[in-house]
Amino acid sequence: MKRAIEISAPYKYLTKPNPMVGALIVKDGEILAEGAHEKFGGPHAEVNCFNAFKDKFDFDHVMFCTLEPCNHHGKTPPCTEKIIASGIKKIVIGSLDPNPIVAGKGIKRLRDAGLDVSVGILAPEVRELNKFFFFKHENKRPYVTIKIASSADWMSHNRNGSTTWITSAASRSDVQKVRAEHDVILTGGNTVRDDQPRMDARVEFPTLQPRKILLTSQEEWDSNLIFFKDKNVTINKERNLKEVIKDLSHKEINSVLVEAGPKLVNSFLHEGLCDQLIVYQSPDSLGEGGVPWFEDNRIIDKCGLSLKSSYTIDRDKKTIFEK
Ligand code: AOF
Ligand code: ZN
């Protein structure tokens, strides 16, 4: 199962919002075929694994699959039918699929067809790898990450509007990876107007780009702004953030990254809509001329966030708080 998880992981940025899944065919402790779910909308891991297997099945073959095989007609036909038709008799599954259209039904179908099914091998590892996927289906809403870049004295920017980078180039490049991990980047009108960001994931590996959502009451936007160049933007005029997130819950979206100014960030925090806060913090202070990130100094605690990790990136510190 460790190997099945391992072969699924490289497709992290191409399968989202689908889970990373790996499958193996094993006989007498030897791996005879491997397959992974390689891209969103593409064949599932089990199918790729069967395609890599050229032999005939007997009673000693076992299929290992990190996630419960699907039993629904989605973008691809159900894996359960393919498994049953193959003639394999035993299957070992990492974790149940939390997606309500699959959950438990895949396993029931396999057992009803007479297969020997074991479940729950390295389930915590499968879960951890597919954290946003599990969160979305178990909580019926996407996981919300807020990312901020802060001065040492917790300021966001200079009051006089002068634009200097607060954090180092290494931190800003780390942010690109965080963007690539999420399905949506959400920002506000002030940020798009003042900072002129592109807000795409500029990484050196292939990735599906996150969709962009702009929360704004402004009617007209200059489509020449770089933010709008990739035609990947939805403008949302909804002011109630709970409604914004609720609306996303019905879509194929597991995670949202909020990259905005203090006003919108504080609104998300006050609504308790933050599952993870990532702070990139420079060793330099902005002092009197700075605009503070937080309206309430205890907001991190009040949101139920606690310190998960902290380490240095170049001259900055990256700190992650999580629920
Ligand atoms: C599997 N094997 O490799 C994966 C599964 O739209 P579809 O047809 O691609 O189905 C997506 C759903 O199927 C996804 O939300 C999850 O529940 C399950 N993913 N299942 O048997 C796989 N990636
Ligand atoms: Zn499937």
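Residues numbered from 1 in each chain as written. Chains lettered and ligands numbered in written order. Predicted model: local features only at pLDDT ≥ 70, side-chain atom pairs only at ≥ 80, totals over all residues.

Draft legend 1. Structural view of the overall build of the chain. A count of helices and strands for the chain gives twelve helices and 15 strands. C-alpha extents for the chain along the principal axes are approximately 75 × 40 × 35 Å. Sequence separation of at least 24 residues holds for 72% of the intrachain contacts in the chain that already meet a minimum separation of 6. (Helix = DSSP H or I, 4+ residues; strand = E, 2+ residues; numbered from the N terminus. Contact = placed C-beta atoms within 7 Å.)

Draft legend 2. Expanded view of the site of ligand 1. The environment of ligand 1 is made up of 17 residues, and the closest members are V21, H37, H44, G74 and N99. By residue class, the composition of the shell around ligand 1 is eight nonpolar, six polar and three charged. (Near = placed C-beta within 6 Å. Nonpolar A, V, L, I, M, F, W, Y, C, P; charged D, E, K, R; others polar.)

Draft legend 3. Broad picture of the domain arrangement of the chain. With domains assigned, the chain is organised as domain 1 (2–131) and domain 2 (141–322). Taken over C-alpha atoms, the centre of domain 1 sits 36 Å from the centre of domain 2. With five residues of domain 1 at the contact, the number on the domain 2 side is nine residues. Class assignment of the residues belonging to the side of domain 1 that touches domain 2 gives a composition of four nonpolar, no polar and one charged. (Domains from an automatic or database assignment.)

Draft legend 4. Main features of the environment of S150. Structurally, S150 can be placed in strand β6 (residues 143–150). Between the alpha carbons of S150 and S249 there is a distance of 30 Å; along the sequence they are 99 residues apart. Excluding its chain neighbours within four sequence positions, the residues that come into contact with S150 are M155, S156, I166, V279, Q281 and W293.

Draft legend 5. Representation of the sheet that holds strand β10 (residues 233–236) within the structure. Taken in spatial order, the eight strands of this open sheet run β10-β9-β8-β11-β6-β12-β15-β14, and their pairing is mixed. A single partner strand is all that each edge strand has here, and the edge strands are β10 and β14 (306–313). Neighbour to neighbour, the strand axes of the sheet diverge by 20° on average, direction disregarded. In terms of strand pairing, β6 meets strand β12 (residues 276–281) through six bridges, oriented parallel. (Pairing = 2+ DSSP bridges. Axes fitted to C-alpha atoms, helices over the stretch in contact; angles between N-to-C directions.)

Draft legend 6. Highlighting the sheet that holds strand β1 (residues 22–27). The five strands lie next to each other as β2-β1-β3-β4-β5, forming an open sheet whose pairing is mixed. Each having just a single partner strand, β2 (30–36) and β5 (116–119) make up the two edges of the open sheet. Adjacent strand axes in the sheet meet at a mean angle of 20° when their direction is disregarded. Contacts from helix α5 (residues 105–112) reach β4 (90–95) and β5, with the element oriented near 150° to β5.

Draft legend 7. Just the packing of helix α4 (residues 79–86) against α5, in detail. Running from N to C, α4 and α5 cross one another at 20°; their axes reach a closest spacing of 10 Å. Taken together, the axes of α4 and α5 are roughly parallel relative to one another. Relative to α5, the crossing made by α4 is right-handed. Two secondary-structure elements touch here, α4 through T80, I83 and I84 and α5 through G106, R109 and L110. (Parallel < 35°, antiparallel > 145°, perpendicular 65-115°, else oblique. Left-handed = near helix turned anticlockwise from the far one by under 90°.)

Draft legend 8. Broad picture of the pairing of β4. Within β4, five of the six residues are buried, which leaves it mostly tucked inside the rest of the structure. Bridge count for strand β3 (residues 61–67) against β4 is five bridges, and the pairing is parallel. Each bridged residue has a counterpart across the sheet, and for F64 the counterpart in β4 is V92. With respect to chirality, the unit in which β3 leads through α4 into the neighbouring parallel β4 is right-handed. In the sheet, β4 pairs with β5 via four bridges, with the strands oriented parallel. Directly across from V92, in β5, lies its bridge partner S118. Each parallel crossover has a hand, and the one from β4 via α5 to β5 is right-handed. (Buried ≥ 20, exposed ≤ 12 C-beta atoms within 10 Å, placed from the backbone. Right-handed = clockwise from strand over helix to strand, strands pointing away.)

Draft legend 9. Examining helix α11 (residues 262–270) more closely. Among the residues of α11, L264, V265, F268 and L269 are the ones counted as buried. The buried residues of α11 all sit within an arc of 140° when viewed along its axis, so they share a single face. Buried-residue contacts for α11 involve β6, β8 (184–188), β9 (211–215), α10 (241–249), β11 (255–258) and α12 (299–302). Following α11 by one or two positions, G272 has its phi on the positive side, about 70°. (Arc of directions from axis to C-beta.)

Draft legend 10. Examining unusual backbone geometry more closely. Backbone torsion omega between K16 and P17 reads 5°, so that peptide bond is classified as cis. In this model, D28 sits at a positive phi of 50°, which is unusual for a non-glycine residue. Relative to the helices and strands, D28 is located in the loop between β1 and β2. Taking the C-beta count within 10 Å as the criterion, D28 has 8 such neighbours and is therefore assigned exposed. In this model, W154 sits at a positive phi of 60°, which is unusual for a non-glycine residue. Along the chain, W154 turns up in the loop between β6 and β7 (155–158). Of the residues examined, W154 has 16 C-beta atoms within 10 Å and is grouped as partly exposed.

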